[in-house]
Every structure is written in C-alpha cells, then in structure tokens.
Amino acid sequence: MSGGEAVTGPDGVPRCPWALSTAEYVTYHDEEWGRPVHGDDALFERLSLEAFQSGLSWITILRRRPGFRAAFAGFSIARVAAFGDEDRERLLADAGIIRNRAKIDATLANARELAGWDPGELDALIWSHAPDPATRPVPKSLADVAAVTPESTALSKALKRRGLRFVGPTTAHALMQACGLVDDHLAGCAARRA
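What you are looking at is a predicted structure, and each value in this text was computed from that prediction instead of being measured.

Applying the stated criterion across every chain yields a total of nine aromatic pairs. A ring pair is formed by Phe68 and Phe72, whose centres lie 6.4 Å apart and whose planes are at 15°; its orientation type is stacked. Exposure class is identical for Phe68 and Phe72. Each is buried. Among the aromatic side chains, those forming a connected cluster through ring pairs are Trp18, Tyr25, Tyr28, Trp33 and Trp58. Between Arg90 and the ring centre of Phe83, over which it is positioned, the NZ or CZ distance is 5.2 Å.

Below you can see the structure in the form of structure tokens.
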C-alpha cells in the first residue's frame, strides 16, 4: 500500500484515508474493521468474505454482504456444510453474491471441513496467530501497512494444513486486520485502540 496519513473527514473525525471514499466504508471503518471478532461462525463469515474479495475491491463485497449472508445461511458452518449440489447451483446463479465457482466451492469445502472441528477450534487457531501488539509499530501512513506478515503467512499455512482453501497469506492478513488480531488503523485515526 502507499498513501497518506489519517485524514479528518467532513464530520471532524480523523480516519484512515481509505475509509472516506464512501458512506459504507465510513461505517465499516468506524464500527467493524479492526474490532475483535470471536466465534467460529463469525470468523467463518469473515474468512469466506475475505476469500471472495480476492482480486476485487472490498466495497464490492461490503455492498453484497446481505446477499452473501442470505445465500450462505448466515454463515452457519453446520448449515453451509450440509449444502448439496442444488445449493451449489443456486449459489452459482445468485446475482446477489460473487458467482465465482472456485470461491463458492472453497466456501462449501471449508464449511464441510470446519464442521468436523471442535467448537471454538477455528477461533482458537486464528487467534493463536495474533502478534503481540508491543512488537508492532503503529503505522503512520498506508505505506507502513503490510499486505503480508510472518504471522499471516503462518496462519495461512496452519489453515491450509487443516484442509481449508482460499486462505493465502494476503487473505489471512486481511482477515487479521478486519477481525482485530492486528490494529492497522493509522496513528491519529479515531478508531485506533491505543
């Protein structure tokens, strides 16, 4: 990433510059991005959406999130794991989501894999890769925010070893940012935790 420092929006609140381009981004930035997310289903949703975002802009996914939630049974691991061929065809025809065959197949396969895990196991695995905040410098500009880190590479490898798909290091890092494992809000951003 390259770019600037925190920018004060029309409402007088300083934010990461990416957050100011749309009203949806402002809400997402202020209320969700970087806030800790726990729970297997909640993390399955975020992991799935980050995979669908690969190669696209996040705003595309954010605007379709209600459609994704409806199409994928609220990202209930147990319910998605039970999807069959008819559900797959329904998803491939659903204009409310991204109709990418490989990403849909990966989401279904991931749900089936996760359905065999113990409750809380996905949460524990993901959060075990959260770096010590004291070891991470506070980013001053977007140029200071990495797309891949040693921790995201390790998380990606751990998820792949456990049979999950579409979980490369960049996707893993985006998940870590979105779910609060790392705080990549810029210095001066009102949403930064401290």
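Here the narrative resumes.
A few words on the UniProt feature "binding site: Zn(2+)" (unreviewed entry) in the protein chain. UniProt records the feature "binding site: Zn(2+)" (unreviewed entry) for Cys16, His29, His185 and Cys189 in the present numbering. What stands out for the annotated residues spanning 174 residues is how close their C-alpha atoms remain, the widest pair being 10.2 Å apart. Locating Cys16 in the fold gives a position in the loop between strand 2 (14-15) and helix 1 (23-31). Relative accessible area serves as the criterion here: at 0%, Cys16 is assigned to the buried category. Excluding its chain neighbours within four sequence positions, the residues that come into contact with Cys16 are His29, Asp184, His185, Leu186 and Cys189. For His185, the location among the structural elements is in the segment after helix 9 (169-178).

In this section: unusual backbone geometry. Notably, Phe75 is not glycine yet its phi reads approximately 60°, a positive angle. For Phe75, the location among the structural elements is in the loop between helix 3 (58-71) and helix 4 (77-81). The buried category is assigned to Phe75, whose relative accessible area is 0%. Even without being glycine, Phe166 reaches a positive phi, approximately 60°. Summarising the element assignment, Phe166 is placed in the loop between helix 8 (150-161) and helix 9.

Turning to the side chain of Thr171, a few remarks are in order. Mapped onto the secondary structure, Thr171 falls in helix 9. What Thr171 contacts, discounting residues up to four positions off in sequence, is Glu50, Ala51 and Phe166.

This part takes up the pattern of salt bridges. One pass over the full model with this rule turns up twelve salt bridges. The salt bridge involving Asp105 is made with Arg88; its shortest N-O contact spans 2.5 Å. In this pair, Asp105 sits in helix 6 (residues 101-115) while Arg88 sits in helix 5 (residues 85-92), placing the two residues 17 residues apart along the sequence. Taking relative accessible area as the criterion, Asp105 reaches 21% and is therefore assigned partly exposed. We note a salt bridge from Asp184 to Arg136, for which the minimum N-O separation is 2.5 Å. Residue Asp184 is found in the segment after helix 9, and its partner Arg136 is found in the loop between helix 7 (121-127) and helix 8; the two are separated by 48 residues along the sequence. Counted as one network, the salt bridges with shared partners bring together Asp11, Arg15 and Asp30.

The packing of two helices is summarised by the inter-axis angle and the distance between the axes. It is the contact of helix 8 with helix 9, at a shortest axis distance of 8 Å, that shows an interaxial angle of 110°. Comparing their axes, helix 9 and helix 8 come out roughly perpendicular. Handedness of the crossing formed by helix 8 with helix 9: right-handed. Residue-level contacts link Glu151, Ser152, Thr153, Leu155 and Ser156 of helix 8 to Pro169, Ala172, His173, Leu175 and Met176 of helix 9. Along the lines of polarity and charge, the residues of the contact of helix 8 with helix 9 split into five nonpolar, four polar and one charged.

Core analysis: the largest hydrophobic core is formed by 46 residues, its most contacted members being Phe44, Phe68, Phe72, Leu91, Leu122 and Leu159. Among the elements that make up this core, the one with the highest residue count is helix 3 (six residues). Ignoring any residue separated from it by four or fewer positions in sequence, one finds Phe72 in contact with Phe52, Val80, Phe83, Leu91, Ile97, Thr107 and Leu108. Counting six residues, the second-largest nonpolar core is a separate cluster that includes Leu142, Val145, Leu186 and Ala191.

Rules and cut-offs
Residues numbered from 1 in each chain as written. Predicted model: local features only at pLDDT ≥ 70, side-chain atom pairs only at ≥ 80, totals over all residues. Heavy atoms only, no water. Phe/Tyr/Trp six-rings, centres within 6.5 Å; stacked < 30°, edge-to-face > 60°. Buried < 20%, exposed > 50% of the residue type's maximum accessible area, 1.4 Å probe, protein only. Lys NZ or Arg CZ within 6 Å of the ring centre and 35° of its normal. UniProt positions renumbered as here; feature names shortened; annotations may be inferred. Helix = DSSP H or I, 4+ residues; strand = E, 2+ residues; numbered from the N terminus. Contact = heavy atoms within 4.5 Å. Salt bridge = Lys/Arg side-chain N within 4 Å of Asp/Glu carboxyl O. Axes fitted to C-alpha atoms, helices over the stretch in contact; angles between N-to-C directions. Parallel < 35°, antiparallel > 145°, perpendicular 65-115°, else oblique. Left-handed = near helix turned anticlockwise from the far one by under 90°. Nonpolar A, V, L, I, M, F, W, Y, C, P; charged D, E, K, R; others polar. Core = buried A, V, L, I, M, F, W, Y, C linked by side-chain atoms within 4.5 Å.

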